[in-house]
Structure formats: structure tokens, C-alpha cells
Amino acid sequence: MVASTTYGASDYLSAIEASGFPGIGRQPARLRRGLLDAYLQGVVDRDLPEHGLSVRRPDTLRRWLQAFAAASSTTRWTPSSRVPTVVSWESR
């Protein structure tokens, strides 16, 4: 099988940044953030308990998820470097 695409590295990175969820990723950035927040709220409030996991302090878990997302989004892969590089908030 032979396949080709017009997507480049920057296109893939933009798609990842937009969340990867087709119904969410195509939305404007502001709406996308609200949809992702609602998705995580549902995971914490509904999905985890449905799978038998008790969340004693849901607000603490949400804050941890937010901090994890912020920390993991401060690295950036660039095609020229081939390794993740740390990006400070000042350089954005």
C-alpha cells in the first residue's frame, strides 16, 4: 500500500494542539477550551465512578490535571532539532 499526504510537521502539531478529538479540534479555540473542560469534568464526575474508582476530592484531581496539562504543554518538538525543547512563557 502506498499513501501520501500534504500534511507537514506543523500541520500535525496543530492537530495535536487542537486536542485530537474530531468534534472538538475543528472548533474555535475559545469553544474548544470549554468543550475540553466539560469533557474532563465528565471524566472526573461520571466516568471514573462508573468504573469503580472513588474520587474523594474531585476539585483536587481537576487542579492536578490542569497543572499536568500546563506542564506537558511547555515542551515543543521542532523538526530541525528532532528533540523536545523547553519553551518559556516569555518566548511565546
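Above: the structure in question.
About the criteria used
- Residues numbered from 1 in each chain as written.
- Predicted model: local features only at pLDDT ≥ 70, side-chain atom pairs only at ≥ 80, totals over all residues.
- Heavy atoms only, no water.
- Helix = DSSP H or I, 4+ residues; strand = E, 2+ residues; numbered from the N terminus.
- Buried < 20%, exposed > 50% of the residue type's maximum accessible area, 1.4 Å probe, protein only.
- Contact = heavy atoms within 4.5 Å.
- Areas by Shrake-Rupley, 256 points an atom, 1.4 Å probe, with all protein chains shown as cover.
- Salt bridge = Lys/Arg side-chain N within 4 Å of Asp/Glu carboxyl O.
- Axes fitted to C-alpha atoms, helices over the stretch in contact; angles between N-to-C directions.
- Parallel < 35°, antiparallel > 145°, perpendicular 65-115°, else oblique.
- Left-handed = near helix turned anticlockwise from the far one by under 90°.
- Nonpolar A, V, L, I, M, F, W, Y, C, P; charged D, E, K, R; others polar.

S.K.: Would you explain the overall build of the protein chain in this entry?
M.R.: Looking only at helices and strands, one finds four helices and two strands in the protein chain. Relative to its full complement of 92 residues, the protein chain shows a buried share of 8%. When contacts within the protein chain are restricted to residue pairs at least 6 apart in sequence, those whose partners lie at least 24 apart make up 9%. Summed over all atoms, the accessible surface of the protein chain reaches about 7800 Å², with 58% contributed by carbon and sulfur.

S.K.: I'm lost on the pattern of salt bridges in this one. Help?
M.R.: By the definition in use, this model includes three salt bridges. The salt bridge partner of R62 is D45, with a shortest N-O separation of 3.3 Å. Here R62, found in helix α4 (residues 58-72), pairs with D45, found in helix α3 (residues 29-50); they are 17 residues apart in sequence, far enough to count as distant. By relative accessible area, which is 40% here, D45 ends up partly exposed. R62 serves as the salt-bridge partner of D59, at 3.6 Å between the closest nitrogen and oxygen. Here D59 pairs with R62, and both are found in helix α4, just three residues apart, close to one helical turn. For R62, a relative accessible area of 21% corresponds to the partly exposed category. Bridged by salt links that share partners, the residues D45, D59 and R62 form one connected network.

S.K.: What is the right way to read the packing of α3 against α4 from this model?
M.R.: Interhelical geometry of α3 versus α4 gives an angle of 135° and a closest axis separation of 11 Å. The orientation of α3 relative to α4 falls into the category oblique. Classified by chirality, the crossing of α4 by α3 is right-handed. For the pair formed by α3 and α4, the contact residues are R33, Q41, V44, D45 and L48 on the first element and P58, L61, R62, L65 and Q66 on the second. Residues of the contact of α3 with α4, tallied by class, amount to five nonpolar, two polar and three charged.

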